[in-house]
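# Residue-level structure breakdown
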Amino acid sequence: GRSPFGGGAPDLRAAEQENDQSIEDMTSRIGALKQVTLDIQRETVEHNRLLDDMGGSMDSSRGVIGAVMGKFTKVMQDKQNRKLFWSVIGLMVFVAFLYKIFG
């Protein structure tokens, strides 16, 4: 009986050694791939946590801005307050203009 590998027992051993080496290489690559996958999972979890924190901060900021705008609208409904507001804005523009010219 001839071996299906054509050369007998030494060829069979060489093929088995080559297969064993291929299996070791594949096992090493699978381990590296698993580590990369775990790292990606950790990064994803961390980024999701950061985004959740950021979303909470945005919600609270939106609430504060809404409250300020409500108060501002209420103040601007009074004619006297509107005059004062525009006077202050005009003064600020005038000071900025003077600063630009003489500064």
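Quantities reported herein were computed from a predicted structural model and do not represent experimental measurements.

## What about the overall build of the chain?
Each helix and strand in the chain was counted, giving two helices and zero strands. A principal-axis box enclosing the C-alpha atoms of the chain has dimensions of 110 × 35 × 15 Å. Total accessible area on the chain is roughly 9,400 Å²; 64% of this is exposed by carbon and sulfur atoms. Across the chain, 13 positive and 13 negative side-chain charges occur, with their mean positions spaced 23 Å apart.

## Overview of the packing of aromatic side chains
Under the defined criterion, the tally for this structure stands at two aromatic pairs. Taking 5.4 Å as the distance between ring centres and 75 degrees as the angle between the ring planes, the aromatic pair formed by Phe-72 and Phe-85 counts as edge-to-face. Here Phe-85 lies in helix H2 (residues 79-102) and Phe-72 lies in helix H1 (residues 9-76), a separation of 13 residues in the sequence. Judged by its relative accessible area of 25%, Phe-85 is partly exposed. Through a chain of ring-to-ring contacts, three or more aromatic side chains come together here, namely Phe-72, Phe-85 and Trp-86.

## Quick word on the pattern of salt bridges
Any two side chains of opposite charge can pair if their charged atoms end up close together. Using the criterion set out here, one finds four salt bridges in the structure. In this structure, Asp-59 and Arg-62 form a salt bridge, with 3.2 Å as the shortest nitrogen-oxygen distance. Within this pair, Asp-59 and its partner Arg-62 are both found in helix H1, separated by three residues, close to a single helical turn. Residue Asp-59 is classed as partly exposed on the basis of its relative accessible area, which comes to 48%. You can call Arg-62 exposed: its relative accessible area is 54%. If you follow the salt bridges from partner to partner, you end up with Glu-46, Arg-49 and Asp-53 in one network.

## What to know about a nonpolar patch on the surface
A grouping of Leu-91, Phe-94, Val-95, Phe-97, Leu-98, Ile-101 and Phe-102 is seen on the molecular surface, where their side chains present a nonpolar patch of about 750 Å² in accessible area. Note on placement: Phe-97 falls in helix H2.

## Section: the environment of Lys-79
Among the secondary structure elements, Lys-79 is positioned in helix H2. Note on Lys-79: relative accessible area 59%, which makes it exposed. Residues Lys-79 and Thr-27 lie 52 residues apart in sequence; the distance between their C-alpha atoms is 79 Å.

The rules behind the values
- As a convention, each chain's residues are numbered from 1 in the sequence order in which they are written.
- Per-residue local features are limited, in this predicted model, to residues with pLDDT of at least 70; the limit for side-chain atom pairs, both in listing and counting, is 80 or more; totals at the level of whole chains, interfaces and linings are taken over all residues.
- The side-chain figures draw on all heavy atoms in the structure; neither hydrogens nor water molecules are used.
- Secondary structure is summarised from DSSP: a helix means a run of H or I of at least four residues, a strand means a run of E of at least two, and numbering begins at the N terminus for each.
- For accessible areas, the Shrake-Rupley method is used with a probe of radius 1.4 Å. Any residue's cover is judged against the shown protein chains and nothing else.
- Counting rule applied: Lys, Arg positive; Asp, Glu negative; His and chain ends not counted.
- Note on charges: their place is set at NZ of Lys, CZ of Arg, CG of Asp or CD of Glu.
- Only centres within 6.5 Å qualify two rings of Phe, Tyr or Trp (six-membered ring in Trp) as a pair; their planes then separate them into stacked at under 30 degrees, edge-to-face at over 60, and tilted for everything else.
- The classification of residues rests on relative accessible area computed with a 1.4 Å probe and restricted to protein chains. Under 20% of the type maximum is buried, over 50% is exposed, and intermediate values are partly exposed.
- When a carboxyl oxygen of Asp or Glu lies within 4 Å of a side-chain nitrogen of Lys or Arg, that pair is called a salt bridge.
- Patch construction takes residues with relative accessible area above 30% that form no salt bridge. Like charges are linked within 9 Å, and nonpolar side chains (Val, Leu, Ile, Met, Phe, Trp, Tyr) are linked within 5 Å.

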